[in-house]
Amino acid sequence: MVLSYPRMALDSLCGRPLGRKRICRTFSDCTNGPRSGLRSGCFPLDPAERGSEDAEALQRTKAQARGGSGRKP
Ligand code: SF4
């Protein structure tokens, strides 16, 4: 949860509505990245990580594992 929504506790303590779209949905990219030699990050939900070099590298790795090239059509 710290990766996907680091301000969750602050939002809660301040009485702000929770950003439900930032709550971890266990896509596991944060653990699959390091298993592939990449750094960890919440690539699907963290706007700062989405589209990063490591996010794209992980997408290619996952596509190759599925038998594809990992390139966008
Ligand atoms: S990558 Fe997936 S499992 Fe990891 S913090 Fe983000 S949503 Fe949760």
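Owing to the predicted nature of the structure, the values given are computational and were not obtained by experimental measurement.

Analysis parameters
Residues numbered from 1 in each chain as written. Predicted model: local features only at pLDDT ≥ 70, side-chain atom pairs only at ≥ 80, totals over all residues. Heavy atoms only, no water. Near = heavy atom within 4 Å. Nonpolar A, V, L, I, M, F, W, Y, C, P; charged D, E, K, R; others polar. pLDDT = per-residue confidence, 0-100. Helix = DSSP H or I, 4+ residues; strand = E, 2+ residues; numbered from the N terminus. Salt bridge = Lys/Arg side-chain N within 4 Å of Asp/Glu carboxyl O. Buried < 20%, exposed > 50% of the residue type's maximum accessible area, 1.4 Å probe, protein only.

Every residue lining the ligand is accounted for by Ser4, Cys24, Arg25, Thr26, Phe27, Ser28, Asp29, Cys30, Cys42, Pro44 and Leu45. In the shell around the ligand, the residues fall into six nonpolar, three polar and two charged.

This part is about the confidence of the model for the protein chain. The pLDDT averaged across the protein chain works out to 91; a share of 93% of its residues lies at or above 70. The secondary-structure element of the protein chain with the lowest mean pLDDT is helix α3 (residues 53–66), recorded at 94, while helix α1 (residues 8–13) shows the highest, at 96.

Attention shifts here to the pattern of salt bridges. By the definition in use, this model includes five salt bridges. Across the pair Asp11 and Arg16 runs a salt bridge, and its minimum N-O distance is 2.9 Å. Of the residues examined, Arg16 reaches a relative accessible area of 36% and is grouped as partly exposed. Between Glu49 and Arg39 there is a salt bridge; the shortest N-O distance is 2.9 Å. Highlighted residues: Glu49 in the loop between α2 (29–35) and α3 and Arg39 in the loop between α2 and α3, separated in sequence by 10 residues.

Structurally, Ala55 is set in helix α3. With a relative accessible area of 8%, Ala55 lands in the buried category. In the structure, Ala55 is positioned 17 residues away from Leu38 in sequence and 8.8 Å away in space, judged by C-alpha atoms.

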